[in-house]
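Report on the structure
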Amino acid sequence: MAPIATSREEFDQIPTVVGIFSAFGLVFTVSLFAWICCQRKSSKSNKTPPYKFVHVLKGVDIYPENLNSKKKFGADEKNEVKNKPAGPKNSLRLDLEKRDLNGNFPKTNLKAGSPSDLENVTPKLFSEGEKEAVSPDSLKSSTSLTSDEKQEKLGTLFFSLEYNFEKKTFVVNIKEARGLPAMDEQSMTSDPYIKMMILPEKKHKVKTRVLRKTLDPAFDETFTFYGIPYTQIQELALHFTILSFDRFSRDDIIGEVLIPLTGIELTDGKKLMNREIIKRNVRKSSGRGELLISLCYQSITNTLTVVVLKARHLPKSDVSGLSDPYVKVNLYHAKKRISKKKTHVKKCTPNAVFNELFVFDIPCEGLEEISVEFLVLDSERGSQNEVIGRLVLGAAAEGASGEHWKEICDYPRRQIAKWHVLCDG
């Protein structure tokens, strides 16, 4: 009987041992979790700020093999600042410390006047200790304004261009804008940001962050384009669009700046430039173009077949003179949209050929309460697409649109195609 009592005592001690091991395991797990969280927090604090952008050309690796991690995000500029001697007190480097929480300079009263006034302002913006200098051509262009442009001042954009021959990179730095107009009538200020793209391809688009409630935004953002030969730089142009962010509606367009790179020499290093912001070009063509549509109503299956065939004479959407059109097709029943389709985007053409077919199920008998809306839009990557023109076909439509709709109702199962003039969106 004695051995049985001993085994029972050992059995009673097992839960105690298990509890001790569980407690040690729990303490170890909590300590490991706390250590991991501390490591993640410290690594996040050492990362490059999110407003340093690197933009890459299509088909080129984002990080070339000959670049280390420090050079990917513009560490060269930081090293240059360390190696350069301290400039005068009115240099740009020292002025950066005087920015507010939004990264803006304190307001200064700048008046557009004679070229001598601009020469007095320029040394305050850029350090004399730097090798960079504002070209005389940029100063001349900033003062050569027409009488209409002088009446409505839209501000000045300051930026720099640089080409790195070793890495074959084209670097654009958007420094600041000064004297922007107030787009918000209540607060008498703006929330500006800048979109930039390289013409004529119109594929490589970037934009800055939005700076709140300022008319003199200081962006200081650098965009790097890899894989561009220096010989190709002369064939390109930079297009800047200055906008004001609007949370409740479409962003307001303040103006634009177009910089052809022909004749601009970048062999001597970074080139600082400034340009007056001008009003955005509006479409010179009063028409919105035409759209070729084919319709067929199948009364047996109660379906409507819509074929978007072609578009022609579409107006220019921007300074490049080229649009990237596509068509959205919306089906309405009693003024309520019940279905939508869209075509593929056709790149850089005012005369697009789509040849795309869509079949819509009709929820009621007949087409009395049915209408079809066609929206021709210009595809803009990274921003809201602009409506080029609009067309509505239905029983309530007038003119050629109403006649086309009447024909497909009178002749079901027959495919009927017609050209239609687009109206304003």
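The shown structure was predicted, so the numbers you read here are calculated from the model rather than taken from an experiment.

What counts and what doesn't
- Along each chain, residues carry numbers from 1 onward, in the same order as the chain's sequence is written.
- Reporting in this predicted model follows two pLDDT cut-offs: at least 70 for local features of residues, and 80 or more for side-chain atom pairs to be given and counted; totals over whole chains, interfaces and linings ignore these cut-offs and use all residues.
- Working from all heavy atoms in the structure, the side-chain values ignore hydrogens and water.
- Note on conventions: DSSP H or I runs of at least 4 residues are helices, E runs of at least 2 residues are strands, and numbering of each starts at the N terminus.
- Think of it in three bands: with a 1.4 Å probe and only protein chains considered, a residue is buried below 20% of the maximum accessible area for its type, exposed above 50%, and partly exposed in between.
- In what follows, residue pairs with any heavy atoms lying within 4.5 Å of each other are defined as contacts.
- Surface exposure here means Shrake-Rupley accessible area, sampled with a 1.4 Å probe, where a residue is shielded only by the protein chains that are shown.
- A carboxyl oxygen of Asp or Glu within 4 Å of a side-chain nitrogen of Lys or Arg is what we treat as a salt bridge.
- Should DSSP find at least two bridges between two strands, the strands are regarded as paired.
- Angular values range over 0 to 180 degrees, each being the angle between N-to-C directions of two axes fitted as lines to C-alpha atoms, with helices fitted over their stretch in contact.
- In plain words, nonpolar cores are sets of buried Ala, Val, Leu, Ile, Met, Phe, Trp, Tyr and Cys residues tied together by side-chain atoms within 4.5 Å.
- For patch building, the residue pool is restricted to those with more than 30% relative accessible area and no salt bridge; the joining distance is 9 Å between like charges and 5 Å between nonpolar side chains (Val, Leu, Ile, Met, Phe, Trp, Tyr).
- UniProt positions are given in the numbering used here, feature names are shortened, and annotations may be inferred rather than shown by experiment.

Considering the overall build of the protein
Helices and strands together make up the secondary structure of the protein, namely 8 helices and 16 strands. Taking all 425 residues of the protein together, 39% fall into the buried category. Residue pairs in contact within the protein that sit at least 24 positions apart in sequence constitute 66% of those at least 6 positions apart. For the protein, the accessible area works out to roughly 25,500 Å², and carbon and sulfur atoms hold 54% of it.

Overview of the pattern of salt bridges
Throughout the structure, instances matching the rule amount to 9 salt bridges. Of the charged contacts in the structure, one is a salt bridge between Glu407 and Lys418, with a shortest N-O distance of 2.7 Å. You can see Glu407 sitting in helix α8 (residues 399-410) and its partner Lys418 sitting in strand β16 (residues 416-421), a full 11 residues away along the chain. We classify Lys418 as partly exposed; its relative accessible area is 23%.

A word on the sheet that holds strand β8 (residues 271-276)
Taken in spatial order, the 4 strands of this open sheet run β5-β2-β1-β8, and their pairing is antiparallel. Of all strands in the sheet, those bounded by a partner on one side alone are β5 (218-226) and β8. In this sheet, neighbouring strand axes are inclined to one another by 20° on average, regardless of whether the strands run parallel or antiparallel. Where strand β2 (residues 169-178) and β5 come together, 7 bridges link them in antiparallel fashion. In the sheet register, Ile174 faces β5, and the bridge partner there is Glu221.

Observations concerning the sheet that holds strand β10 (residues 303-312)
Pairing in this open sheet of 4 strands is antiparallel, and the strands run β13-β10-β9-β16 from one edge to the other. Each having just a single partner strand, β13 (353-361) and β16 make up the two edges of the open sheet. Recorded for the sheet is a direction-independent mean angle of 25° between the axes of neighbouring strands. Where β10 meets β13, 7 bridges bridge the pair, whose relative direction is antiparallel.

Focus on the nonpolar core
By size, the foremost hydrophobic cluster in this structure holds 33 residues, and its most contacted members are Leu157, Leu161, Phe170, Ile233, Leu238, Phe240 and Leu261. Contributing elements (two or more residues each) for this core: β1 (156-164), β2, β3 (192-199), β5, α7 (230-233), β6 (237-244) and β7 (252-260). Residues in contact with Phe240, not counting those within four places in the same chain, are Leu157, Phe159, Val172, Ile174, Ile194, Lys195, Met196, Gly255, Glu256, Val257 and Ile259. One finds Leu291, Val329, Cys364 and Phe374 within the second-largest nonpolar core, a separate group that totals 30 residues.

Quick look at the environment of Thr224
Structurally, Thr224 can be placed in strand β5. Since its relative accessible area comes to 13%, Thr224 is described here as buried. When the C-alpha atoms of Thr224 and Val171 are compared, they prove to be 4.5 Å apart, with 53 residues separating the residues in sequence.

Quick look at a nonpolar patch on the surface
A surface patch of nonpolar side chains, about 430 Å² in accessible area, is lined by Phe28, Leu32, Trp35 and Ile36. Relative to the helices and strands, Leu32 is located in helix α1 (residues 2-45).

Here's the deal with unusual backbone geometry
Its identity is not glycine, yet Lys213 carries a phi of approximately 50°, on the positive side. Within the secondary structure layout, Lys213 lies in the loop between β4 (205-207) and β5. Assessed through its relative accessible area of 60%, Lys213 is described here as exposed. In this model, Arg413 sits at a positive phi of 65°, which is unusual for a non-glycine residue. Topologically, Arg413 is positioned in the loop between α8 and β16.

Some words on the UniProt feature "transmembrane region" (unreviewed entry) in the protein
Taking the numbering used here, the UniProt-annotated feature "transmembrane region" (unreviewed entry) corresponds to residues 17-38. For residues 17-38, helix accounts for 100% and strand for 0%, while the C-alpha atoms at its two ends are 32 Å apart.

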